[in-house]
Protein chains: 2
Amino acid sequence: MQEINDGNMNFAFVVTNKQGSNQSVFVKQAPPYIKVMGEQWPLTRQRMTAEINALNYQSSVCPEMLPEVYYQSEALSVVIMQNLSQHAILRTELIQARYLPRLAEDLSTFLAETLFYSSSFALSSLNKKAMISKSNNQDMCKITEDFVFTYPFEHHEMNDYNPALSQTVIDSIQKNPNVRAHVAQMKYMFMNKPEALLHGDLHTGSVMVNGLETFVIDPEFSFVGPMGFDIGALIANLYINYFSHAHKRSVEAANYCQWLLQTIDDLWYKFEAKFLSLWAEHELSIQSPFMGKDLTGGTHQTFRQAFLQQVLSDSLGFAACKMIRRILGVAKVADFMQFKKDQKLRAKLETQTLNMAIEILVNRHAYTSIADVNKLAEDLVAV
Amino acid sequence: MQEINDGNMNFAFVVTNKQGSNQSVFVKQAPPYIKVMGEQWPLTRQRMTAEINALNYQSSVCPEMLPEVYYQSEALSVVIMQNLSQHAILRTELIQARYLPRLAEDLSTFLAETLFYSSSFALSSLNKKAMISKSNNQDMCKITEDFVFTYPFEHHEMNDYNPALSQTVIDSIQKNPNVRAHVAQMKYMFMNKPEALLHGDLHTGSVMVNGLETFVIDPEFSFVGPMGFDIGALIANLYINYFSHAHKRSVEAANYCQWLLQTIDDLWYKFEAKFLSLWAEHELSIQSPFMGKDLTGGTHQTFRQAFLQQVLSDSLGFAACKMIRRILGVAKVADFMQFKKDQKLRAKLETQTLNMAIEILVNRHAYTSIADVNKLAEDLVAV
């Protein structure tokens, strides 16, 4: 048995069969406190109930991208599952500039299937409300409310700034009433838009990959919230990775950056196509479509396009908050921290990211495609 | 004991003390079916639990506008309360062109207090989620989803059209994909925006008035939903009443119409001022304001204004759906039905109302004040 020290919240172990060295399982258990902080930082074990609930749901709609669960116990706050020994954390792979040809295809499937099948389009209102009750994860939601949407935007003692980051840039967010109002709108939406059962923390550290497979792990922040929160988390972390490569003046880096931007574009485009396809297929199979009968043709299509445009705007707003909190908040990302011995370089990349975040937050309703967002990212690097 | 036959859903009685003729109480009981339809139309008694829950909440924040409750039993689905014998239904008073000088003041207080104190700004997330669970009223929400947001917009057998209403006008809603998409967005918002504990059916038949007092009654559709749904219901029914008077060519009618428009303007303006005042007062009393610390001055104000603008847009969208459903759906209003012997006149008023509804639905984000909405109503009458 080997303890895994990656996570902050929970205990994790790989248990190997001494008789057959290829046989191993992954064991995760939530103590009634935050693991890395110790018993003086209590946190309820509700998070493991939420994780088990999410693993069960996600496996039911998208089994090929979930680790197989062998045993689960809400009472013990423990889950024993497939050990993904042949896979690496996506963030690490992206930092090492590995090409992952299946990434957009797989993650768009995960998003489309998990978000559609838990939405008001697929579930009866009765089942939807039951899912909301069952998926209550209040303590973890509060952590997100504070650490993603509040502390990074005020002078909070837990914030951690790169000393080379200019105060003017920090102030352009924290002291900009318009930016602050948009962030507060996203926080309010996080708390008041229970659209679908989310992963809840879908950054590139919650995905494991190899050339053939993609797995989504660690849904301990899962709750019923706005679809754009999961999509935005992924997009935010992919753009962060983009800025961590785009400053390099090599052909290899330029090619990798093109692949990253193409992947973000594909991720959204494929998500949209798959979500629309699930929706159309579902409504063909039921008698009463969500918006009532279409009397002219084109009615359902018009609503569905408007709906996906709203999901895109929400995703950009949430992506912006996620990008900002990784720079001004306490939780950092390795994509930028790898440069911590060159704080000026790190500050340059952080500034590009923050400027992008402000733009896609404040003008999120004006963007109708990822192509325009990609153009913005490229322009910010070219300055 | 006298049975009251006003309501469709529940049994209602006035019980008078034979010894003291001025002493009476009002008794309301929900059977496990829709009263007017009989036992072959089952409906759970959840609606009385929701009504009791709403009466308790509304009384706690706004006691002067709620009938006093003497006895309540969820098990018996019964409530015994103050008999409002000195008050009349607001809709009836408006049809009779009675001036009600306290109306905007009182209803704006009811809206500001009930909506603010059940919002994410006033409640902890834990208490908010508890309120959502406790206020589940799924069966009644389903009735609204169907009868307000779906049936009136398709060729549904339950719809009931004025035979004098032009098919072109009906088609301009039912066969307009853009209008239909906006209605679907409002339906989706109704189901996916649990902002505050609503009355849930706040039309002018759910308000009782005399010159001195205003009471809000019958919250059997209460649930946690979008703030704009309650505000929109009131506004919709006030504009419906406006169109029922505005065609008359008398000075008295013109004066009454001016009072109605002023009342709608006051209702919104006073609601906004009171909501903002409750919010500011509440955040002065707590350590951590919703959006974090204001570092420059003006930050909280910017968000609060943007938030209220969103509530106004939502209110207009919901008002539009409510106006349309009273004309194309099954449930009619006396404001127009009083003219049923002159179907052409009725159709003219219905057409004005439908044209207004389309405009404030589709362009709801463009309206920044009720003054512009009032101007639209006046222009539609002048055509």
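Residues numbered from 1 in each chain as written. Chains lettered and ligands numbered in written order. Predicted model: local features only at pLDDT ≥ 70, side-chain atom pairs only at ≥ 80, totals over all residues. Heavy atoms only, no water.

With an unreviewed UniProt entry as reference, chain A is termed S-methyl-5-thioribose kinase, source organism Paraglaciecola arctica BSs20135. Comment text from UniProt for chain A, heading Sequence similarities (unreviewed entry), reads "Belongs to the methylthioribose kinase family." (UniProt positions renumbered as here; feature names shortened; annotations may be inferred.)

Caption draft 1: Layout of the overall build of chain A. On a plain count of helices and strands, chain A comes out with 13 helices and 12 strands. For 383 residues, the compact-globule estimate of 2.2 N^0.38 gives 21 Å, and the C-alpha radius of gyration of chain A, at 21 Å, lies within 12% of that figure. If you line up chain A on its principal axes, its C-alpha atoms span 65 × 55 × 40 Å. Counting across all 383 residues of chain A, residues that qualify as buried make up 60%. Partitioning the intrachain contacts of chain A with sequence separation of at least 6 by distance along the chain shows that 73% fall at a separation of at least 24. For chain A, the distance from the average position of its 33 positive side-chain charges to the average position of its 39 negative side-chain charges is 4 Å. (Helix = DSSP H or I, 4+ residues; strand = E, 2+ residues; numbered from the N terminus. Rg over C-alpha atoms; globule rule 2.2 N^0.38 Å. Buried < 20%, exposed > 50% of the residue type's maximum accessible area, 1.4 Å probe, protein only. Contact = heavy atoms within 4.5 Å. Lys, Arg positive; Asp, Glu negative; His and termini not counted. Charge placed at Lys NZ, Arg CZ, Asp CG, Glu CD.)

Caption draft 2: Local environment of the relation of the copies chain A and chain B. After a rotation of 180° and a shift along the axis of 0.0 Å, chain A superposes on chain B with an RMSD of 0.0 Å. Taken together, the rotation angle and the small translation identify this as a two-fold axis. Considering only C-alpha atoms, the part of chain A nearest the rotation axis is A:Lys193, at 2.5 Å. Comparing interface residues between copies, 100% of those in chain A also lie at the interface in chain B; the contact surface is shared. (Least-squares fit on C-alpha atoms with pLDDT ≥ 70 in both.)

Caption draft 3: View of the packing of helix 8 (residues 227–246) of chain B against helix 12 (residues 343–362) of chain B. All names here are of chain B. Closest axis-to-axis distance for the helix 8/helix 12 pair is 9 Å, and the angle between their directions is 140°. What the angle tells us is that helix 8 and helix 12 run oblique. The chirality of how helix 8 crosses helix 12 is right-handed. Of the residues in helix 12, those in contact with Tyr-239, Ile-240, Phe-243 and Ser-244 of helix 8 are Leu-349, Gln-352, Thr-353 and Met-356. (Axes fitted to C-alpha atoms, helices over the stretch in contact; angles between N-to-C directions. Parallel < 35°, antiparallel > 145°, perpendicular 65-115°, else oblique. Left-handed = near helix turned anticlockwise from the far one by under 90°.)

Caption draft 4: Representation of the domain arrangement of chain A within the structure. All names here are of chain A. Here chain A is partitioned into domain 1 (1–83) and domain 2 (86–382). Once you take the C-alpha centre of each, domain 1 and domain 2 turn out to be 25 Å apart. Domain 1 puts 21 residues into the contact, and the matching count from domain 2 is 28 residues. Overall, the association of domain 1 and domain 2 removes approximately 2,100 Å² of surface from exposure, summing both partners, and the carbon and sulfur fraction of that is 60%. Where domain 1 meets domain 2, there are two salt bridges. (Domains from an automatic or database assignment. Buried area = accessible area lost by both parts, 1.4 Å probe. Salt bridge = Lys/Arg side-chain N within 4 Å of Asp/Glu carboxyl O.)

Caption draft 5: Spotlight on the packing of aromatic side chains. On inspection of all chains with the given rule, the structure shows 58 aromatic pairs over all chains. On the numbers, 6.5 Å between centres and 10° between planes, the contact of A:Phe11 with A:Phe13 is stacked. What makes A:Phe13 buried here is its relative accessible area of 18%. Aromatic side chains B:Phe121 and B:Trp279 sit 4.0 Å apart centroid to centroid with 25° between the ring planes, which places their arrangement in the stacked category. Of this pair, B:Phe121 sits in the loop between helix 3 (103–117) and helix 4 (125–134) while B:Trp279 sits in helix 9 (residues 251–285), and the two are 158 residues apart along the sequence. The two residues B:Phe121 and B:Trp279 agree in class, both being buried. One aromatic cluster in this structure is built from A:Phe116, A:Tyr117, A:Phe121, A:Trp268, A:Phe271, A:Phe275, A:Trp279, A:Phe290, A:Phe303, A:Phe307 and B:Tyr188. For the cation-ring pair, A:Lys187 lies above B:Phe290, with the distance from its terminal atom to the ring centre recorded as 4.7 Å. (Phe/Tyr/Trp six-rings, centres within 6.5 Å; stacked < 30°, edge-to-face > 60°. Lys NZ or Arg CZ within 6 Å of the ring centre and 35° of its normal.)

Caption draft 6: Representation of the sheet that holds strand 8 (residues 88–89) of chain A within the structure. Residue and element names in this part refer to chain A. On the basis of which strands lie adjacent, the open sheet formed by three strands has the order 8-10-11 and antiparallel pairing. The open sheet terminates on both sides in strands that have one partner only, identified here as strand 8 and strand 11 (214–216). Two elements, strand 10 (residues 207–209) and strand 11, share three bridges in a ladder whose sense is antiparallel. Counterpart to Val-207 in the pairing with strand 11 is Val-216. Relative to the sheet, helix 3 (residues 103–117) contacts strand 10 and strand 11, its axis offset from that of strand 11 by approximately 35°. (Pairing = 2+ DSSP bridges.)

Caption draft 7: Region of the structure containing the pairing of strand 7 (residues 78–82) of chain A. All names here are of chain A. As judged from the five bridges shared by strand 3 (residues 24–29) and strand 7, these two strands associate in the antiparallel manner. In the sheet register, Gln-29 faces strand 7, and the bridge partner there is Val-78. In the sheet, strand 6 (residues 69–73) pairs with strand 7 via four bridges, with the strands oriented antiparallel. Looking at strand 7, one finds that Ser-73 is bridged to Val-78. With antiparallel pairing between neighbouring strands as the criterion, strand 6 and strand 7 make up a hairpin whose turn holds four residues, including Ser-77 at a positive phi of roughly 55°.

Caption draft 8: The arrangement of the interface of chain A and chain B in detail. Taken residue by residue, the interface counts 44 residues in chain A and 44 residues in chain B. Of the roughly 3,800 Å² buried where chain A meets chain B, counting both sides, 61% is carbon and sulfur surface. Here chain A is connected to chain B by two salt bridges. Here B:Glu154 makes a salt bridge to A:Lys293, at a shortest N to O gap of 3.8 Å. One can count 16 residue pairs in polar contact (both at pLDDT 80 or more) joining chain A with chain B. The dominant element in the side of chain A that touches chain B, judged by the number of residues it contributes, is helix 7 (residues 177–192) of chain A, at 10 residues. For the side of chain A that touches chain B, the class distribution of residues is 16 nonpolar, 17 polar and 11 charged. (Polar contact = N/O pair within 3.5 Å; in protein donor to acceptor, adjacent residues only side chain to side chain. Nonpolar A, V, L, I, M, F, W, Y, C, P; charged D, E, K, R; others polar.)

Caption draft 9: Focus on the packing of helix 12 (residues 343–362) of chain A against helix 13 (residues 370–382) of chain A. Residues and elements named next belong to chain A. The geometry of helix 12 relative to helix 13 is characterised by a closest axis approach of 10 Å and an angle of 145° between their N-to-C directions. At the point where helix 12 passes helix 13, the crossing takes the right-handed sense. Residues Gln-352, Asn-355, Met-356, Glu-359 and Ile-360 of helix 12 touch helix 13, and the partners they reach there are Val-373, Leu-376, Ala-377, Leu-380 and Val-381. Residue composition of the contact of helix 12 with helix 13, by class: seven nonpolar, two polar and one charged.

Caption draft 10: Representation of helix 5 (residues 138–147) of chain B in the model. The element helix 5 of chain B is extensively covered by neighbouring structure, given that seven of its 10 residues are classed as buried. Along helix 5 of chain B, the residues classified as buried are B:Gln138, B:Met140, B:Cys141, B:Ile143, B:Thr144, B:Glu145 and B:Asp146.

Caption draft 11: Spotlight on the nonpolar core. With 228 residues, the main nonpolar core has A:Phe275 and B:Phe275 as its most contacted residues. Sequence-distant contacts of B:Phe275, that is, excluding residues within four places in its chain, are made with B:Ala112, B:Leu115, B:Phe116, B:Phe121, B:Met227, B:Phe307 and B:Leu308. (Core = buried A, V, L, I, M, F, W, Y, C linked by side-chain atoms within 4.5 Å.)

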